[in-house]
Amino acid sequence: MFLSSLILLPTLLAGVVSGCQQKTLTILALGDSLTAGYGLAADEAFPVQLEAQLRMRGYRVRLVNAGVSGDTTEDGLLRLESALHCRPDLAIVELGANDALQMLDVRQAKANLAAILSRMQSAGIPVILAGMKAPPYLGAAYVAAFDPIFPQLAEQFGVPLYPFFLAGVAGRPELNLADGIHPTAAGIEMIVSSILPLVEQELERLNR
């Protein structure tokens, strides 16, 4: 009996290890309409498409869509505690577009994002910061003040930066809705494809 138990032990341990490796990780997507999926079907939104792609690659993940259309960085900060109730293992922060469109104070936007990153770090939640760029028509001075806050914050808090959430999509009519601001489902697909390697990198780090 004892010998049989020893023979079975490696198999039992392998099952335990396998079970640990199969833990489902929760990813919080905190953002505005670009995250929420404005103008799209529910299954076309960024968090849903990202979850599908990660699962296709063998990752056991659950994406939580905490995107709210119209949200500024201040709005995101105000509802942060509520968003954290899902107890995320990783967060993607995509905020700032509405601050730029409303030409809100850049220093305040940066302070709001800093508070979000600080709160998440205090909770031990790794973060991917998604950068945003101010539209050129807002003027060179505003663009020069706004655009650098994302790389500055990424360096300050030591978090990975996806430089521009709308990279490859902004300014392309075929990838945006009629308003010229919000991506179509195909536009979101391109965003997911582009940010995917960074998300996978962070998931691998978590798994290690």
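Details of the structure are given in the entry above.
Presented here is an overview of the structure given in this document.

About the thresholds
- Residues numbered from 1 in each chain as written.
- Predicted model: local features only at pLDDT ≥ 70, side-chain atom pairs only at ≥ 80, totals over all residues.
- Heavy atoms only, no water.
- Salt bridge = Lys/Arg side-chain N within 4 Å of Asp/Glu carboxyl O.
- Helix = DSSP H or I, 4+ residues; strand = E, 2+ residues; numbered from the N terminus.
- Pairing = 2+ DSSP bridges.
- Contact = heavy atoms within 4.5 Å.
- Axes fitted to C-alpha atoms, helices over the stretch in contact; angles between N-to-C directions.
- Patch = residues over 30% accessible without salt bridge, like charges linked within 9 Å, V, L, I, M, F, W, Y side chains within 5 Å.
- Areas by Shrake-Rupley, 256 points an atom, 1.4 Å probe, with all protein chains shown as cover.
- Expected span 1.5 Å × (residues − 1).
- Buried < 20%, exposed > 50% of the residue type's maximum accessible area, 1.4 Å probe, protein only.
- Polar contact = N/O pair within 3.5 Å; in protein donor to acceptor, adjacent residues only side chain to side chain.
- Parallel < 35°, antiparallel > 145°, perpendicular 65-115°, else oblique.
- Left-handed = near helix turned anticlockwise from the far one by under 90°.
- Nonpolar A, V, L, I, M, F, W, Y, C, P; charged D, E, K, R; others polar.
- Arc of directions from axis to C-beta.

Description of the pattern of salt bridges
When the charged atoms of two side chains with opposite charge come close together, those side chains can pair.
1) Next: Per the counting criterion, the structure on display carries eight salt bridges.
2) Next: A salt bridge links Arg55 to Glu51; the nearest nitrogen and oxygen atoms lie 3.5 Å apart. Of this pair, Arg55 and Glu51 are both found in helix 3 (residues 46-56), four residues apart, which corresponds to roughly one turn of the helix.
3) Next: The shortest N-O distance in the salt bridge between Arg57 and Glu200 comes to 4.0 Å.

Considering the sheet that holds strand 4 (residues 127-130)
Adjacent strands of a sheet form backbone hydrogen bonds with each other and so pair up, either parallel or antiparallel.
1) Next: Ordered by their spatial adjacency, five strands build an open sheet running 2-1-3-4-5, and the pairing between neighbours is parallel. Both edges of this open sheet fall to strand 2 (61-67) and strand 5 (161-162), since each of them pairs with a single strand only.
2) Next: Of the pairings in the sheet, the one linking strand 1 (residues 25-31) to strand 3 (residues 90-94) comprises five bridges and is parallel in character. Residue pairing for strand 3: Leu28 is matched across the bridge by Ala91.
3) Next: Across the face of the sheet, helix 3 comes into contact with strand 1, strand 2 and strand 3 while running at roughly 170° to strand 2.

Considering a nonpolar patch on the surface
1) Next: On the surface, a nonpolar cluster with roughly 320 Å² of combined accessible area is contributed by Leu101, Tyr137 and Ile181.
2) Next: Its location among the elements puts Leu101 in helix 6 (residues 97-101).

Looking at helix 7 (residues 106-122)
In an α-helix, one turn spans 3.6 residues; hence positions three or four apart end up facing the same way.
1) Next: For helix 7, spanning 17 residues, the distance from its first C-alpha to its last is 24 Å, which sits close to the expected 24 Å at 1.5 Å a residue.
2) Next: Among all positions of helix 7, only Val106, Ala109, Asn112, Leu113, Ala114, Ile116, Leu117 and Met120 are buried.
3) Next: A side-chain oxygen of the first residue of helix 7 lies 2.9 Å from the backbone nitrogen of Arg107; this N-cap is Asp105.
4) Next: Looking at the residues trailing helix 7, positive phi occurs at Gly124, about 75°.

Focus on the packing of helix 7 against helix 9 (residues 149-157)
1) Next: The contact between helix 7 and helix 9 brings their axes to 11 Å, and the two run at 30°. When the axes of helix 7 and helix 9 are compared, the pair comes out roughly parallel. Crossing hand, helix 7 versus helix 9: right-handed. Mapping the contact onto sequence places Val106, Ala109, Lys110, Leu113, Ala114, Leu117, Ser118 and Gln121 in helix 7 and Ile149, Phe150, Gln152, Leu153 and Phe157 in helix 9.
2) Next: Looking at the contact of helix 7 with helix 9 residue by residue, the classes come out as nine nonpolar, three polar and one charged.

A word on the side chain of Arg79
1) Next: Mapped onto the secondary structure, Arg79 falls in the loop between helix 4 (73-78) and helix 5 (80-83).
2) Next: Once residues within four sequence positions are removed from consideration, Arg79 is found in contact with Leu30, Gly31, Ala66, Gly67, Val68 and Asp71.

Here's the deal with the environment of Leu34
1) Next: With respect to the helices and strands, the residue Leu34 is situated in helix 2 (residues 33-36).
2) Next: Spatially, the C-alpha atom of Leu34 lies 9.5 Å from that of Gly70, the residues being 36 residues apart in sequence.
3) Next: Apart from residues no more than four positions distant in its own chain, Leu34 is found in contact with Phe46, Glu94, Ala97, Met132, Phe165, Leu166, Ile181, His182, Pro183 and Ile188.

Let's talk about helix 3
1) Next: All of the buried residues in helix 3 are Phe46, Pro47, Gln49, Leu50 and Leu54. Axial view of helix 3: buried residues confined to an arc of 165°, hence all on one face.
2) Next: On its buried face, helix 3 is in contact with strand 1, helix 2, strand 2, strand 3 and helix 10 (185-207).
3) Next: Looking one or two residues past helix 3, Gly58 carries a phi angle of roughly 95°, positive in sign.

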